[in-house]
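Below are the chains, spelled out letter by letter.
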Amino acid sequence: MESLAGHHSDALLAAVLFDMDGTLVDTERLWWEAVEQVAGRALTEADRPDVLGRPVEHTAAWLAVATGAAAADLAETLHREFADRVRSGVVPRPGALDLLDALAAERIPTALVTASPRSVADTVLEVLGAHRFAVSVTADDTEHTKPAPDPYLAACRALGADPAACVAVEDTATGVASAEAAGCTVLAVPSLAPIEAAPGRAVEDSLETVTPSALRALLPRRLRVMSWNLWYGGTKVHDHRAKQLKVIAETDVDVVGLQETYGSAAEELAEALGWHHHRAGTNLGIISRFPVTAPLGDPDVGFYGAAGARIAVGEREVEVWTAHLDSEHYGPYESEPLAREEVRLAQMRDTLRRIGDTVPVVLVGDFNCPSHLDWPDTEWPVTRAAEEAGFRDSYREAHPDPARDPGHTWSPVHAHPEPQDRIDFVLHRGLGVLDSRTYVCGTPRTLPDVADNDWPSDHAAVITTFSLGGGAGTV
């Protein structure tokens, strides 16, 4: 399972990731001059796509075609010409040092993310002050450089930061493409070529007026929702309530749709956290750091079924429903997997009828059946019914390839030959998915030796971070 970096849904700025050339220092001009020197001619507008925002190797290969010289020799000459110019003429961009110092004062981590080689980056870091950056990623540090997302993803991993909680500051279209592919919000400060504003991207003329609070305001308002089957309320594991609270704190989720609450888990967890909650029947509950403005569904729902709550997130309201569907005759156990799905399908249809046409809405739960998105030869009807009602599977939006990212939630404590599958879901209608993953802490021992596990469940949780819009305006 994947680890989670902490965040807060109300646009906590986890880190700011800076491009170097043309963004923090005025090196685009120096690079342009170095390429002109090696090319032996003045460059024109037509040359820009092969010169700006590109790694040295790309520009060298481009020059090799035009000049007939060896690309490796051209790359070495470009490195030397550019480095000489950097040592003698690099100048910080207006406002760059002030912004870096302001971020440091607020203890917001920063990273340098550049397509330049390490030798050039280290020279620039001497000018800017290497102490101003927690991390630096260069063309030498990843297999693929910009416009691939690899450099920004590497910086986020090194910082332990969720890309969705980071702002990248870039000056070229190539760099913008890299940062956006990594999932970052982008502030573009064009140096030579114009860049258009777009969803998730703001554009400014200079860093001089940019502040940490302005960067924070670029992030969309987010909502992180967890689906979690507590497994008999957690009672199979020692100190289960404390372990449940630890999981919620460490994942920094905002809303948890619970199944198998064993009656009182929703109230007890909410009270310990200082959160709001809605309890339905003896098995279902929703806890939320945001106010619950209305309970939804049947408050006396049985062990299986669904319950919902309307949550106020700032100025917006979102409905969140939690469902637990019948566990008998689990399809992968059966010789005919679809033969006994009618009960679960009827429960899902009843849930969808109660939800109606609501937008935005999140439906989480333990469906006790696999997904038709994961089994190409089996048309599992429960998840298909939800899809036909307009619900999207957030985990499959974030991880569309089930072979590469199976996302198994059943079961971390059941050893082979128990089938491993994805039966817990965070579905949605009308929201944007920033990230989705499964979560298990520690290394759970398998049954029957589970009492001392750090993970107090027999399911993995599913956690999705949604965008509620806003952000990425102007600074």
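In this convention, every chain numbers its residues from 1, walking through the sequence in written order. Local features are withheld for residues below a pLDDT of 70 in this predicted model, meaning they are given only at 70 or higher, and side-chain atom pairs are given and counted only at 80 or more; totals for whole chains, interfaces and linings count all residues. Side-chain metrics in this entry use all non-hydrogen atoms of the structure; hydrogen atoms and water are not considered.

S.K.: Summarise the packing of helix H1 (residues 28-39) against helix H2 (residues 56-67); cite the residues concerned and give the values.
M.R.: It is the contact of H1 with H2, at a shortest axis distance of 11 Å, that shows an interaxial angle of 30 degrees. Judged on the interaxial angle alone, H2 and H1 are roughly parallel. Crossing of H1 over H2 shows right-handed handedness. Where H1 approaches H2, its residues Trp31, Val35, Val38 and Ala39 are matched on the opposing element by Val56, Thr59, Trp62 and Leu63. For this classification, the nonpolar set comprises Ala, Val, Leu, Ile, Met, Phe, Trp, Tyr, Cys and Pro, the charged set comprises Asp, Glu, Lys and Arg, and every other residue, Gly included, is treated as polar. Split into classes, the residues belonging to the contact of H1 with H2 amount to seven nonpolar, one polar and no charged. Working convention: axes come from line fits to C-alpha atoms, limited for helices to the stretch in contact. Angles between N-to-C directions cover 0 to 180 degrees. Only DSSP runs of H or I reaching four residues or more are called helices, and only runs of E reaching two or more are called strands; each is numbered from the N terminus. Any angle that is under 35 degrees is reported as roughly parallel, and any over 145 degrees as roughly antiparallel; angles of 65 to 115 degrees are reported as roughly perpendicular and all others as oblique. The hand of a helix crossing depends on one turn: near helix anticlockwise from the far one by less than a right angle means left-handed, and clockwise means right-handed. Contacts are residue-level and defined by heavy atoms, with any inter-residue pair within 4.5 Å sufficient.

S.K.: Talk me through the nonpolar core; I want residue IDs and the actual numbers.
M.R.: Counting residues in hydrophobic clusters, the biggest one holds 48 residues, and the most contacted among them are Phe18, Leu24, Leu187 and Leu215. Of all the elements in the fold, those that place two or more residues in this core are strand E1 (15-18), H1, H2, helix H3 (71-89), helix H4 (96-105), helix H5 (118-128), strand E4 (166-170) and helix H8 (212-218). For this core, the leading source of residues is H1, giving seven residues. If sequence neighbours within four positions are ignored, phenylalanine 18 has contacts with Leu24, Leu99, Leu100, Leu103, Thr110, Ala111, Leu112, Val113, Phe133 and Val169. Only buried Ala, Val, Leu, Ile, Met, Phe, Trp, Tyr and Cys residues count toward a nonpolar core, and they belong to the same one when joined by side-chain atoms within 4.5 Å. Under the scheme applied here, a residue whose accessible area is under 20% of the maximum for its type counts as buried, over 50% as exposed, and between as partly exposed, the area being computed with a 1.4 Å probe on protein chains only. By size, the runner-up hydrophobic cluster in this structure holds 22 residues, among which are Leu17, Ala111, Tyr152 and Ala182.

S.K.: Run through the pattern of salt bridges, naming residues and quoting values.
M.R.: Criterion for a salt bridge: a side-chain nitrogen of Lys or Arg within 4 Å of a carboxyl oxygen of Asp or Glu. With the rule as written, the count across this model stands at 31 salt bridges. Here aspartate 162 makes a salt bridge to arginine 224, at a shortest N to O gap of 3.1 Å. Highlighted residues: aspartate 162 in the loop between helix H6 (150-159) and E4 and arginine 224 in strand E7 (residues 222-229), separated in sequence by 62 residues. Look at arginine 224 and you get buried, because its relative accessible area is 1%. In this structure, the salt-bridge partner of glutamate 268 is arginine 241, at a minimum N-O distance of 2.9 Å. Of the two residues, glutamate 268 is situated in helix H10 (residues 265-273) and arginine 241 in helix H9 (residues 240-251); the sequence distance between them amounts to 27 residues. Since its relative accessible area comes to 36%, glutamate 268 is described here as partly exposed.

S.K.: Now, about empty space enclosed by the protein: what can you tell me, with residues and values included?
M.R.: A 1.4 Å probe that fits into a set of points on a 1 Å grid over the protein atoms alone but cannot get out defines a cavity; an open set with protein on both sides within 12 Å along at least five of seven lines defines a pocket, and lining residues are those with an atom within 4 Å of a point. Grid points are joined across faces, edges and corners, and a volume is the space filled by probe spheres set on the points. Taken as a whole, this structure holds one cavity of 30 Å³ or more when the rule is applied. Approximately 180 Å³ is the volume found for the largest cavity. For the largest cavity, the lining is made up of 19 residues, of which Asp21, Gly53, Arg54, Ala115 and Ser116 are closest to its centre. When the residues that make up the lining of the largest cavity are grouped by side-chain class, the tally is seven nonpolar, five polar and seven charged.

S.K.: Could you give me a rundown of the packing of H9 against H10, with the residues and numbers involved?
M.R.: For the pair H9 and H10, interaxial distance at closest approach is 11 Å and the crossing angle is 60 degrees. When the interaxial angle is binned, H9 and H10 end up oblique. When you trace H9 past H10, the crossing you get is right-handed. Contacts between H9 and H10 pair Arg241, Gln244, Leu245 and Ile248 from the former with Ala265, Glu268, Leu269, Ala272 and Leu273 from the latter. Split into classes, the residues belonging to the contact of H9 with H10 amount to six nonpolar, one polar and two charged.

S.K.: Talk me through unusual backbone geometry; I want residue IDs and the actual numbers.
M.R.: Cis peptide bonds are those with omega within 30 degrees of zero, and the linkage from lysine 146 to proline 147 qualifies with 15 degrees. Along the chain, proline 147 turns up in the loop between strand E3 (135-137) and H6. With omega at -5 degrees, the peptide bond leading from valine 359 into proline 360 counts as cis. Among the secondary structure elements, proline 360 is positioned in the loop between helix H11 (342-355) and strand E14 (361-366). Notably, tyrosine 232 is not glycine yet its phi reads approximately 55 degrees, a positive angle. Topologically, tyrosine 232 is positioned in the loop between E7 and H9.

S.K.: Residue-level account of the environment of arginine 222, with values.
M.R.: Summarising the element assignment, arginine 222 is placed in strand E7. For arginine 222, a relative accessible area of 0% translates into the label buried. C-alpha separation for the pair arginine 222 and valine 362, spaced 140 residues apart in sequence, amounts to 13 Å. A distance of 3.3 Å separates a polar side-chain atom of arginine 222 from the backbone oxygen of alanine 164. Here a polar contact is recorded for every N or O atom pair within 3.5 Å, except that within protein the pair must consist of a potential hydrogen donor and a potential acceptor, and residues adjacent in sequence are included only if both atoms are side-chain atoms.

S.K.: Which residues make up the layout of surface pockets, and what are the values?
M.R.: Leftover empty space is mapped by rolling, across the atoms, a probe with the size of a water molecule. Quantified by volume, the largest pocket comes out at close to 460 Å³. Around the largest pocket sit 19 residues that line it, and Ala181, Ala182, Ala398, His399 and Asp435 are the ones nearest its centre. Taken together, the elements giving at least two residues each to the lining of the largest pocket come down to helix H13 (394-398) and strand E17 (432-439). The element that contributes the greatest number of residues to the lining of the largest pocket is E17, accounting for five residues. Of the residues contributing to the lining of the largest pocket, the split by class is nine nonpolar, three polar and seven charged.

S.K.: Give a detailed account of the sheet that holds E17, specifying residues and quantitative values.
M.R.: By definition, two strands form a pair when at least two bridges between them are found by DSSP. Here we have six strands laid out as an open sheet, ordered E9-E10-E8-E7-E18-E17, and mixed in their pairing. Each edge of the open sheet is held by one strand with a lone partner, namely strand E9 (276-280) and E17. Mean inter-strand twist for the sheet, computed between neighbouring axes without regard to direction, equals 15 degrees. Pairing of strand E8 (residues 255-259) with strand E10 (residues 284-288) involves five bridges; the strand directions are antiparallel. Paired with glutamine 259 across the strands is leucine 284, a residue of E10. Each of E7, E10, E17 and strand E18 (461-467) is contacted by H9, which is oriented at about 155 degrees to E7, the strand it contacts most.

Nothing here speaks to function; it is all geometry.
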